[in-house]
Each structure stands twice: as structure tokens, then as C-alpha cells.
Amino acid sequence: MVTAQLFIEALESPSEPLRKVLNDPHPACRFEDGSPRIRRLTDFFEADVVCRGTLFRVAAPIRREISRETVRNAGRLNDIGSPRISGFRLAEEAMAWLDERGELRTEHLFVEQVPEGRPLDEALDRGYSAAALHRELTALQQEFARIGFSHGNLKPENLLLTPNDRLIVTRCYRARFNGPSPEDERSFAALHRLADQKGDPQHRIPETNSEETVDYPGEWAGPCSEGMRPILTKGVYRFVDVRRKKLIKRSFQAVEPFYEGRAVVRTREKFGVIDKTGEFVIAPFYDEIIYNRNKSLFYGRLQDQWCTLSYTGKPLTAFVKSQFTAVPEEA
């Protein structure tokens, strides 16, 4: 299974297959803290890479069966050639490592050139026309039906609005080609409702290119990580999403930077883990929480004993005396 650390190493030292797909001998995979900024999706790790001024999205499948399915999709998406569906290219065996037995393992990487535009949820926050969005959603749904396409994870962050107001679907890693699915139909219905709720019925609000013109009371209290920046107000910490200009209202006594969409925080008495909406993934129950970036696992301490928790907050072990012996049962 691919881990976060293996993916980070593949980005820090790009292999020849990855450099070839990116058409760049020195892709910019590093950020201010010296390491790639990665995200964890349900079935993939993902990172943004800039090459010669173009933004690419590189994804690594977490499980082998996901990899086989996505390899098949890469060729089919490119054959479709739809202007409303963003495809991706295959960097064959771009990851290589030795497993616990000392055997060589390899895995593919999937590279999507991100179309120019902005995520749909960001467009709605800035006042995009409801009527225009309804038209684009209808056109996209008709395109799905025309080519027998199903996305399977249709939500605002996977939709981009281009400068010429065309809606494009991205992250098509788990696409299917057996006709429109009931899941997509439900997603389109939800997106139409979202257009009615958040769309501007009159006009579009002029945009700004500034990423951090957020005027919230308080002072910056740490570096920006994954688009989230902590602020300190009256002795408590909150996070501001600098990309979407949103404030997480829940406050904390201490915070750590976001990694893979998760941040360790401390309430008045206990430690927990939140996602980017401010909701607790791991309830504030522990005396200490440590995140293992290599394995995307959390270690929680209660008094003098530790347990291991998954990325989604599921307990994987009973409490033991040391975090280093708190090994998931399925390992």
C-alpha cells in the first residue's frame, strides 16, 4: 500500500517517467517548508505541481486495485476528448520502493493538467450567476449522457469554472463508462439546489486576485498550511481559509498546522483533530495526539497509554504503554 511518505519521496525526487509526463526536468514540487504539500482523498494522495507556469495535479492510488481501475480510465478519458471532462496522463511505475521483505515494489502516478479556472464553490462564494450555473450544469449532464460517462464523485471542489464560463469536471480517477449513474443524477440535483441557494440571481461580483485579503479581527499566529492560517484573538486560536475567505468559528487553546486536511488542536483540557470545516474527526478526548505523516495515522495518549487511530478517526488498536507498540491490528 502506498503511504504518504512514499508519495512525498516520489515528489521530492521525481523519477524519469514523472519528469517525462510533466515535460520538465526540474518540476517545482517543493513549498515554503521544504516539502511537498499533499492532500489525502478517499482513495488517493494528491499534490499540486507547477511546471513552466502550468499547474498539474499528481495523484497516487493508495491501494493496488484502485490503480488498475484508474490505469484503464486514463486512456479512455483521453480518447473521449470532451472539452467538459478533464483527463489525465499515466506516469508508469513512477514510484519505486523496497517493501518490508526487501522486494522492489512499483506504482503508477496519474497527472492531470488543471484547466484554467476556479473551483465552483469559490465561484459561488464570489457571486456567480445562478441562471448561468443552471445552464452549465444542464449542458454538463447532457454531455455525460451523450458519451455514457459517470464521474462518481461530483461535488463543487471537483468542478472548475473556466474564464469563458464553461463548467469542467476534474479528478476523474474513478470514472465509469457504462452510462449515467443514479449517483451522478443525485449529485446534479444537489448542485442545481446549490445554484438556487448560493447563486447570485442578478449578476457576478467582480473578482480579486488577492489570496490573503481577509479582514478578521486578530493577528496572524503561524504559517499558512494547505490554505489555512491560524489567527489569535483574545487568547484563543481560530483558522481562516485564505482561499475562500472563510473563518472557522470554533476556537482552540492551541493549534498545529494542517497536514493532509487534518490539524491537531487543543481545547481547554484535551487534544483532538479537526478537518478544514472545523469539525472534529477525532473528538477532544486525549492528553496528547501525534500525527505519523509516514503512515497517515494518529497516536492518541490517555494518561500513560497510547492507541492508534486511522486518518478518519477510527480506533485501530487498544491502549498500550508506548506509541511505538500501538500497531494497527490489520498490519
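Structural data are supplied above this passage.
Predicted model, so just to flag it, every value in this text is computed and none were measured. (Residues numbered from 1 in each chain as written. Predicted model: local features only at pLDDT ≥ 70, side-chain atom pairs only at ≥ 80, totals over all residues. Heavy atoms only, no water.)

A.B. asks: Hey, could you run me through the overall build of the chain in this one?
C.D. replies: Helix and strand content of the chain: 6 helices and 19 strands. Long-range contacts, defined here as pairs at least 24 residues apart, represent 50% of the contacts in the chain between residues at least 6 apart. Taken as a whole, the chain presents about 17,200 Å² of accessible surface, with 48% of it coming from carbon and sulfur. (Helix = DSSP H or I, 4+ residues; strand = E, 2+ residues; numbered from the N terminus. Contact = heavy atoms within 4.5 Å. Areas by Shrake-Rupley, 256 points an atom, 1.4 Å probe, with all protein chains shown as cover.)

A.B. asks: Mind showing me how you'd approach the packing of aromatic side chains here?
C.D. replies: Centre distance and the angle of the planes are the two values used to describe a pair of aromatic rings. With the rule as written, the count across this model stands at 12 aromatic pairs. With 4.6 Å between their ring centres and 40° between their planes, Phe44 and Tyr173 make a pair best called tilted. Of the two residues, Phe44 is situated in strand β2 (residues 44-51) and Tyr173 in the loop between β8 (167-169) and α6 (182-198); the sequence distance between them amounts to 129 residues. Here Tyr291 and Phe298 contribute two aromatic rings whose centre-to-centre distance is 4.4 Å and whose plane-to-plane angle is 25°, an arrangement assigned as stacked. (Phe/Tyr/Trp six-rings, centres within 6.5 Å; stacked < 30°, edge-to-face > 60°.)

A.B. asks: How should the pattern of salt bridges be read in this particular structure?
C.D. replies: Any two side chains of opposite charge can pair if their charged atoms end up close together. Counted according to the given criterion, the structure contains 18 salt bridges. Residue Arg64 is joined to Glu107 by a salt bridge in which the shortest nitrogen-to-oxygen separation is 3.7 Å. Separated by 43 residues along the polypeptide, Arg64 in helix α3 (residues 64-80) and Glu107 in strand β5 (residues 104-113) bring together distant segments of the chain. Glu107 sits in the buried class, given a relative accessible area of 3%. A salt bridge links Asp287 to Lys270, with the shortest nitrogen-to-oxygen separation between them at 2.6 Å. Placement of the pair is Asp287 in the loop between β16 (280-286) and β17 (288-292) and Lys270 in the loop between β14 (263-266) and β15 (271-274), with a sequence separation of 17 residues. (Salt bridge = Lys/Arg side-chain N within 4 Å of Asp/Glu carboxyl O. Buried < 20%, exposed > 50% of the residue type's maximum accessible area, 1.4 Å probe, protein only.)

A.B. asks: Is there a simple way to explain the environment of Gly75 in this structure?
C.D. replies: Tracing the chain through its elements places Gly75 in helix α3. Linking Gly75 and Gly87, residues 12 residues apart in sequence, is a C-alpha distance of 8.7 Å.

A.B. asks: Please clarify how the sheet that holds strand β18 (residues 297-302) should be interpreted in this entry.
C.D. replies: Strand pairing in a sheet is mediated by backbone hydrogen bonds. Such pairs are either parallel or antiparallel. One open sheet accounts for 3 strands, arranged β17-β18-β19; its pairing is antiparallel. The strands lining the two open edges of the sheet, one partner per strand, are β17 and β19 (305-309). Each adjacent strand pair in this sheet contributes to an overall mean axis angle of 25°, direction not counted. The pairing of β18 with β19 spans 5 bridges and is classified as antiparallel. By the bridge assignment for β19, Arg301 is matched with Trp306. (Pairing = 2+ DSSP bridges. Axes fitted to C-alpha atoms, helices over the stretch in contact; angles between N-to-C directions.)

A.B. asks: Would you mind going over unusual backbone geometry with me for this structure?
C.D. replies: Apart from glycine, the bulk of residues carry a negative phi angle, and the bulk of peptide bonds sit in the trans form. Phi is positive for Asp165, close to 70°, though the residue is something other than glycine. Inspection of the secondary structure puts Asp165 in the loop between β7 (159-161) and β8. Even without a glycine there, the phi angle at Arg171 is positive, about 50°. Taking the relative accessible area as the measure of exposure, Arg171 reaches 15% and is therefore buried.

A.B. asks: Explain the sheet that holds β8 here, please?
C.D. replies: Pairing is antiparallel across the open sheet formed by 3 strands, whose spatial order is β6-β7-β8. Single-partner strands in this sheet number two, and they are β6 (118-119) and β8. In this sheet, β7 lies alongside β6 in antiparallel orientation, the contact comprising 2 bridges. The partner of Arg118 across the bridge, within β7, is Leu161. Along the sheet face, helix α5 (residues 130-147) touches β7 and β8 and points at about 45° away from the line of β8.

A.B. asks: It is not clear to me how the nonpolar core should be interpreted in this structure. Could you clarify?
C.D. replies: Nonpolar side chains in soluble globular proteins tend to be buried together. Residues Leu133, Phe144, Phe149, Leu159 and Leu167 are the most contacted members of the largest nonpolar core, which totals 31 residues. Here the element with the most residues in this core is α5; it accounts for 5 residues. With sequence-adjacent residues up to four places away left out, Leu167 is seen in contact with Arg84, Leu120, Leu133, Glu136, Leu137, Leu140, Leu159, Leu160 and Leu161. Among the nonpolar cores identified, the runner-up in size contains 25 residues, and Val21, Phe45, Met95 and Trp97 belong to it. (Core = buried A, V, L, I, M, F, W, Y, C linked by side-chain atoms within 4.5 Å.)

A.B. asks: What am I meant to see in the environment of Leu232 here?
C.D. replies: With respect to the element layout, Leu232 can be found in strand β10 (residues 228-233). Considered as a pair, Leu232 and Ala221 are 11 residues apart in the sequence and their alpha carbons are 5.7 Å apart.

A.B. asks: Before we go on, may I ask you to explain the environment of Leu309 in this structure?
C.D. replies: For Leu309, the position within the fold is in strand β19. It is 9.9 Å that separates the C-alpha atoms of Leu309 and Ile289, two residues lying 20 residues apart in sequence. The contact partners of Leu309, leaving out residues within four places of it in the chain, are Ile282, Tyr286, Leu297, Phe298, Gly300, Lys314, Pro315 and Leu316.

A.B. asks: Quick question: what am I supposed to make of the packing of α5 against α6 here?
C.D. replies: Packed helices, taken two at a time, are described by their axes: the angle between them and the distance between them. Viewed as axis vectors pointing N to C, α5 and α6 meet at an angle of 170°, and their least axial separation amounts to 9 Å. As summarised for this structure, α5 and α6 are arranged roughly antiparallel, according to the angle between their axes. For the pair formed by α5 and α6, the contact residues are Ala130, Leu133, His134, Leu137, Thr138, Leu140, Gln141 and Phe144 on the first element and Asp184, Glu185, Phe188, Leu191, His192, Ala195 and Asp196 on the second. Here the residues of the contact of α5 with α6 are counted per class, giving 8 nonpolar, 4 polar and 3 charged. (Parallel < 35°, antiparallel > 145°, perpendicular 65-115°, else oblique. Nonpolar A, V, L, I, M, F, W, Y, C, P; charged D, E, K, R; others polar.)

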